2 protein chains.
Amino acid sequence: MKKVIIIGGGAAGPKAAAKLSRLNKDIDIHLYTDLDVVSYSACGLPFYIEGLISDIKSLIIRTPEEFEKQGVKIHLNAKCTKINPNDKTVEIFNILTNEHILVSYDVLVIATGARPFIPPINNVDLNNIFTLKTLNDGIKIREKMQKSKKAVIIGGGNISIELLWAFAKNNIEVNVIEKSPHMLNMLDPEMGELVENYILGNFGNIIKIHTNKEASEFIGDNNKNVIAVKLKEGEVIDTDFVVIASGIVPNSEIFKEAGGILSVRDTIKVDTYMQTNLKDVYACGDVVANYNIVSHKPGWIPLASTANKEGRIVALNINGMKESFHGVLSSVVTKFHNLTIASCGLSETYAAQNGFTPISAMVTKKDKAGYMPDAQEITLKLVVDYYSQKLLGAQAIGSGDVHKRIGTVVACIMSDFRVNDLLHLDLPYAPPYSPTIDPLLTVAQIISQKIYNAFKQN
Amino acid sequence: MKKVIIIGGGAAGPKAAAKLSRLNKDIDIHLYTDLDVVSYSACGLPFYIEGLISDIKSLIIRTPEEFEKQGVKIHLNAKCTKINPNDKTVEIFNILTNEHILVSYDVLVIATGARPFIPPINNVDLNNIFTLKTLNDGIKIREKMQKSKKAVIIGGGNISIELLWAFAKNNIEVNVIEKSPHMLNMLDPEMGELVENYILGNFGNIIKIHTNKEASEFIGDNNKNVIAVKLKEGEVIDTDFVVIASGIVPNSEIFKEAGGILSVRDTIKVDTYMQTNLKDVYACGDVVANYNIVSHKPGWIPLASTANKEGRIVALNINGMKESFHGVLSSVVTKFHNLTIASCGLSETYAAQNGFTPISAMVTKKDKAGYMPDAQEITLKLVVDYYSQKLLGAQAIGSGDVHKRIGTVVACIMSDFRVNDLLHLDLPYAPPYSPTIDPLLTVAQIISQKIYNAFKQN
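Rules and cut-offs
Residues numbered from 1 in each chain as written. Chains lettered and ligands numbered in written order. Predicted model: local features only at pLDDT ≥ 70, side-chain atom pairs only at ≥ 80, totals over all residues. Helix = DSSP H or I, 4+ residues; strand = E, 2+ residues; numbered from the N terminus. Rg over C-alpha atoms; globule rule 2.2 N^0.38 Å. Buried ≥ 20, exposed ≤ 12 C-beta atoms within 10 Å, placed from the backbone. Contact = placed C-beta atoms within 7 Å. Least-squares fit on C-alpha atoms with pLDDT ≥ 70 in both. Pairing = 2+ DSSP bridges. Axes fitted to C-alpha atoms, helices over the stretch in contact; angles between N-to-C directions. pLDDT = per-residue confidence, 0-100. Domains from an automatic or database assignment. Nonpolar A, V, L, I, M, F, W, Y, C, P; charged D, E, K, R; others polar. Left-handed = near helix turned anticlockwise from the far one by under 90°. Expected span 1.5 Å × (residues − 1). Arc of directions from axis to C-beta. Right-handed = clockwise from strand over helix to strand, strands pointing away. Parallel < 35°, antiparallel > 145°, perpendicular 65-115°, else oblique.

Here we come to the overall build of chain A. In terms of helices and strands, chain A carries 12 helices and 25 strands. For chain A, whose C-alpha radius of gyration is 24 Å, the value lies close to the compact-globule estimate of 23 Å for 458 residues. Principal-axis analysis of the C-alpha atoms places the extent of chain A at approximately 70 × 60 × 40 Å. Relative to its full complement of 458 residues, chain A shows a buried share of 53%. Pairs at least 24 residues apart make up 64% of the contacts formed inside chain A by residues separated by at least 6 positions.

Right, here's the structure in full:
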C-alpha cells in the first residue's frame, strides 16, 4: 500500500489529506503536526479576540476523529525534525514523550506553513509580548486584553488591521508601530492614507498610528512584564501588552537541509504540479512560493484560500491526475469596523517599479443606487498597463460592498482582460445591489478615456 | 452643425445624450420624450412603493435643467409619431398643445423603450388596475396600497417579486397569478421552487402564489372599481387593486412603419455598433434586441444597466469612434425581503432545449466562514456544457451574498472560462467575506469531478 506522509496541520496539509482520502481509499495517509490540533482557521483568531466568536473550538474545521473516520491517521504533537530524501524517511520528534522515530514514505508532502517573524527588538522575551498564530495564542491574547487598558501592535499589515479593531471595540487604547510610510503596503499610498483617515477619524480617541517608526526596545518591570515600548526615534509608549504582527517566515529549514531548493524569501520552490526538486516530495500552503499571474514572478502571498487550492492540487497529482496550479493574484481583503479593504493584482507603485507603464483612475461612488437608503460609499482604484491596456490590479476601500468588485476584477485579470472589456461586463443590476453603471465600469471608463486622450496627443 | 435627435427619455436616450454632449460640443442634441420627466430610474419604483424611498423625486437621475446646462435640449410631452427616413425627419406631437411639428435630423437615435404588456383579460379598463412603468404609476400604486387591504399581482417575474415584498411589508394580503409552473422563469424549476418556499415559509400568512393559473376576468362594482379577479380555472379572488406585471412590449411601431427591420419579439434589430437598417438611425435601450453571448442568439433582456452601456456606445459611434457592443448574458438580480435571487447566462432547462449538453451542480453553503455569527446560507447552481466544459450559466438564491458570486461568474463566462478555470480563481479571502473555499469553487469542483467520472465511465 502506497504511504503518503504529510507534514503540517494548518490548512494545506489537512486539505491534501482529506482530498486524497476521498480520491483513493488504497493509500495509507499519515499527517504529522507539532501542534495539539489540526485543521483550524488561523484567520478567524482576530474575530475570536474581538469577541465576535465566543467558542474558539468553532475555528476547528475538522477534528482528528473526523479525519480518522475518513481513513487519515493524525499524529499530534509530532514535529518533523529531518527529511532523508535518499532513503525516503522523515524523523519525527514526539513533543510529549520526547521520543524520536523514523518514518518511511513513498510520497512526502511538506505543508509546514510559516511562523511569526520576530524583528530585532531588545527584551523581546518579556512577558505579555505575543504573536498570533495558534489557537492558544488567540486565547492568551484575549485573556490578557480583557485585563488590560493599553496595547501596542508592532506592524501594520492585514492582521494588525483586524487586531486593531478587536482591541478598539474592547475599549483598549492601541498604538500601532509601522516602519513604512503607511499601513497596508499592498495598497498605493493614497489608498493607505484613506484607511488611516477612516481609522483615526472614527477612533482617533483610542487609536494612534505611528508610521515611519520602529520599535527598538521593550521595557519591563521587576516581574519581567512589558510596560512600555521604546521607539528608535526616542518616544516611549506605555502599554499593558504587545502583539508582534510584523510578517512571517516560512518553515522551510528541514527542507533546505535535505537539499531542497528555495525560492523568494526562503519559501519552497515548486513547479506547477506543486512538486519540489526532491523526488516524490510535494509542498503546498504557506511554506511555498506563489507564482504571480500578473507580475509573472514568484512571490509570497501566504493565504488559507491558496493553501486549500494547493492542497487539493497536491492530492490530485499524488493520485496521478496531473493537475497544475495557475498561480495567484495577491488578492487580499481585510476589515476594520465597517470598512472593508480589498485588493488584487499589482499596485500602481509596484507596477511602475517592475517594468509596467501603469495608468490608473480612482472613483468614490455609492455601492448601490444612490437613492437606496442603505447605499454606502466605496473608493475604487483600477490600475491598467498603458501599452497592453491590460488590467494589472485593483484596490478598493469603503463601508459599502467592495469585496464583490475586487472578486470580479480577479476573474477579469485571470482572463487577461483589457480595460475596455470591463465596460461590457453584464453584471446583474437592481437598485439594492449596484448603481445602473457599476463603479467598476465607471472607473474603467475613465481609464479608457485617458488612454484614448493620450493616444490622440502622442 | 450636426443635429442629433434622440427619441425616448428613459435610460438609454439620456445616457446617449449626456455622453455625446461630453464627447463633442459641436453637435446639436435634442431629446424628445412623451413623458413629463426624463432620465428616471423605473427600477427604483418598487422600493418607493415599499416605502424605502420616501421622495419619488430621488429617482430622477438628471433633470431637464441639468441636461440643458450640458447643452442637451430636452423636449418633454413630445411624442414621436412618425419617422421619415428618406427626408430624414421625424414628426413630433406635443401632448399638451396638440401641435404637430416636423423635425429634421442628421442622426436619429431611437430609445423609445417598452411598455407594459396587457394580457387579454376581460374588463381590464376597470379602476384600480395598474401597470408600473412611470413615476406617476408608482405614486398611484403607493397611494392606492395605503388605503387597501388586498392586492392581486398578475405575473410572477422580477418586478412581481419586488412588488410582492413591497405589499407584504405594508401588510397587504397579496395573491400572485403566474401561468408558468413557477415564478421567475429565468430560473430552473427547483430554484424557482426554493424562492416560492422562502416566500410562503416566511409570509404564507399574507401571500398566496397561484402558479399554473391565468386570470380571465376582472370583476368590478357599480363604480367600475375592481373588486375581484376571476381565474380561468374558476376561482375568484377578492382584491382592492391589481397590478399587471406580465412582461413588456417594445415601442418599435414607428420604426417598423418607417421600413425598419425587427428582431425577436418585435424588438429593433441592430448591428454591433447599435445601427439599424435605416441610414443614420441608431437604436438602444429596452427597444432593441440583445445578442446573447452564451446562446449566440438574439434575445430580449431589457435592463437599465444594458441601456446605459448601449447609450454610451451609440454616443461613441455618432462621434466616429467605432465602438461595438459585445452583447448580454441575461444577468438579473431581484430581492424579496432578505432573499436575493440572481442569475446569469443560460438555465439548465434552456441549455438542454437549445443544443447544449448541460451538466450542473447545486450547493447550499454559508456565504462567509461558518463560524462568523452573521454567516448566511446561499444556494448556488452552476450550469456547464459537458463537451466544451465551458460555463453556461449560474443561478443563486439566499439571504447571504449571492450577488457577488453571480458577478464573478459573469466575468468568467464573458472570458470563455472552462469549469476547471474557476477552481483557480484567487478571490480575496477573509472570514467576514467568504469561506476559505468559496461556494463558487465548491460547486465548480463538484461539476469538475462529475465530468471526470463521466469521462472515465464512457
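And the narrative resumes.
Turning our attention to the interface of chain A and chain B. The interface of chain A with chain B comprises 52 residues on the first partner and 53 residues on the second. Only helix H8 (304-318), strand E21 (332-336), strand E22 (339-345) and helix H10 (403-414) of chain A provide two or more residues apiece to the side of chain A that touches chain B. Looking at the side of chain A that touches chain B element by element, the count peaks at nine residues for H10(A).

Further remarks concern the relation of the copies chain A and chain B. Superposing chain A onto chain B takes a rotation of 180 degrees plus a shift of 0.0 Å along the axis, which leaves an RMSD of 0.0 Å. Those values place the two copies in the arrangement expected of a two-fold rotation axis. Of the residues that chain A buries at the interface, 100% are likewise interface residues in chain B, meaning the two copies contact each other through the same surface.

A word on the sheet that holds strand E18 (residues 281-283) of chain A. All names here are of chain A. With respect to topology, five strands assemble into an open sheet ordered E3-E2-E1-E7-E18, the strand pairing being parallel. What marks the edges here is a single partner per strand, and that holds for strand E3 (72-75) and E18. On average, each strand axis in the sheet is inclined to that of its neighbour by 20 degrees, with strand direction left out of account. Relative to strand E7 (residues 107-110), strand E1 (residues 2-7) runs parallel, the two being bridged by four bridges.

Turning our attention to the confidence of the model for chain A. Parts of the model with low pLDDT should not have their predicted coordinates read in detail. Of all residues in chain A, 100% attain a pLDDT of 70 or more, and the chain-wide mean is 96. Interface predicted TM-score (ipTM) for the complex: 0.94; the corresponding pTM is 0.95.

Another aspect to go through is the domain arrangement of chain A. Residue and element names in this part refer to chain A. Along its sequence, chain A is carved into domain 1 (2-53 + 60-115 + 248-318), domain 2 (129-244) and domain 3 (338-457). One C-alpha centre belongs to domain 1, the other to domain 2, and the line joining them spans 31 Å. The interface of domain 1 with domain 2 comprises 11 residues on the first partner and 15 residues on the second. Partitioned by chemical class, the residues of the side of domain 1 that touches domain 2 number eight nonpolar, one polar and two charged.

Before going further, it helps to examine the packing of helix H1 (residues 12-23) of chain A against H8(A). Residue and element names in this part refer to chain A. Put simply, H1 and H8 touch, their axes get as near as 7 Å, and they point 40 degrees apart. Once H1 is placed against H8, the crossing between them reads as right-handed. Counted together, Ala12, Gly13, Lys15, Ala16, Lys19, Leu20 and Leu23 of H1 and Ala307, Asn308, Glu310, Gly311, Arg312, Val314, Ala315 and Ile318 of H8 form the full contact between these two elements. In terms of residue class, the contact of H1 with H8 is built from eight nonpolar, three polar and four charged.

Given 3.6 residues to a turn, an α-helix orients residues that are three or four positions apart in the same direction. Residue and element names in this part refer to chain B. The end-to-end C-alpha separation of helix H6 (residues 189-203) is 21 Å, in line with the 21 Å expected for 15 residues at 1.5 Å each. Taken as a whole, H6 has its buried residues at Met191, Gly192, Leu194, Val195 and Ile199. Projected down its long axis, H6 shows its buried positions confined to an angular sector of 155 degrees, all on one face. Facing away from the buried surface of H6 by more than 90 degrees, the exposed residues are Asn197 and Gly201. Elements that come into contact with the buried residues of H6 comprise helix H5 (158-169), strand E12 (207-211), strand E21 (332-336), strand E22 (339-345), strand E24 (377-385) and strand E25 (391-398).

Residue and element names in this part refer to chain A. Of all six residues in strand E11 (residues 173-178), five are buried, a share of seventy percent or more. Examined bridge by bridge, strand E10 (residues 150-154) and E11 share five bridges and lie parallel to one another. Within E11, the position partnered with Ile154 by the bridge is Ile177. For the crossover from E10 across helix H5 (residues 158-169) to E11, the handedness is right-handed. Inspection of the sheet shows E11 paired to strand E12 (residues 207-211) by five bridges, in the parallel sense. Bridging across to E12, Val174 finds its partner in Ile207. Regarding topology, helix H6 (residues 189-203) serves as the crossover connection from E11 to the parallel E12, and that connection is right-handed.

All names here are of chain B. Under the 1.5 Å per step criterion, the end-to-end length of helix H12 (residues 439-457) is 27 Å for 19 residues, consistent within 8% with the ideal 27 Å. For H12, the full list of buried residues reads Pro439, Leu440, Leu441, Val443, Ala444, Ile447 and Ser448. Where H12 is buried, its residues meet strand E23 (358-366), E24, helix H10 (403-414) and helix H11 (419-422).

Attention shifts here to unusual backbone geometry. Residues and elements named next belong to chain B. Positive phi is not limited to glycine here, since Asn77 has a value of about 50 degrees. Relative to the helices and strands, Asn77 is located in the loop between strand E3 (72-75) and strand E4 (78-84). According to the C-beta neighbour criterion, Asn77 is partly exposed, with 15 such atoms within 10 Å. Here the phi dihedral of Lys322 falls at roughly 45 degrees; this positive angle occurs in a residue that is not glycine. For Lys322, the position within the fold is in the loop between helix H8 (304-318) and E21.

Turning next to the packing of H10(A) against H10(B). Contact geometry for H10(A) and H10(B): axes closest at 8 Å, N-to-C directions at 20 degrees. Considered as vectors, H10(A) and H10(B) are oriented roughly parallel to each other. Crossing of H10(A) over H10(B) shows right-handed handedness. Residue-level contacts link A:His403, A:Lys404, A:Gly407, A:Thr408, A:Ala411 and A:Cys412 of H10(A) to B:His403, B:Lys404, B:Gly407, B:Thr408, B:Ala411 and B:Cys412 of H10(B). Class assignment of the residues belonging to the contact of H10(A) with H10(B) gives a composition of four nonpolar, six polar and two charged.

This paragraph deals with the environment of B:Glu377. Residue and element names in this part refer to chain B. Locating Glu377 in the fold gives a position in strand E24. Owing to 14 C-beta atoms within 10 Å, Glu377 belongs among the partly exposed residues under this scheme. As for Glu377 and Ser54, which are separated by 323 residues in sequence, their C-alpha atoms are 31 Å apart.

Residue and element names in this part refer to chain B. A sheet is described by the order of its strands in space; here five strands give the open sequence E21-E22-E25-E24-E23, paired in antiparallel fashion. Here the strands that pair on one side only, and so sit at the sheet edges, are E21 and E23. Here the average twist between neighbouring strands, direction ignored, is 10 degrees. Strand direction decides the pairing type here: E23 and E24, joined by nine bridges, are antiparallel. Bridged to Pro358 within E24 is Asp385. Seen against the sheet, H5 touches E21 and E22 and runs at an angle of roughly 20 degrees to E21. Its contacts with the sheet put H12 on E23 and E24, and the angle it makes with E23 is roughly 145 degrees.

With that settled, the discussion passes to the environment of B:Lys213. All names here are of chain B. Along the chain, Lys213 turns up in the loop between E12 and strand E13 (215-220). Sequence spacing of Lys213 and Pro439 is 226 residues, and the spatial spacing of their C-alpha atoms is 36 Å. Beyond its immediate stretch of four places on either side in the chain, Lys213 contacts Ile177, Lys179, Leu231 and Glu233.

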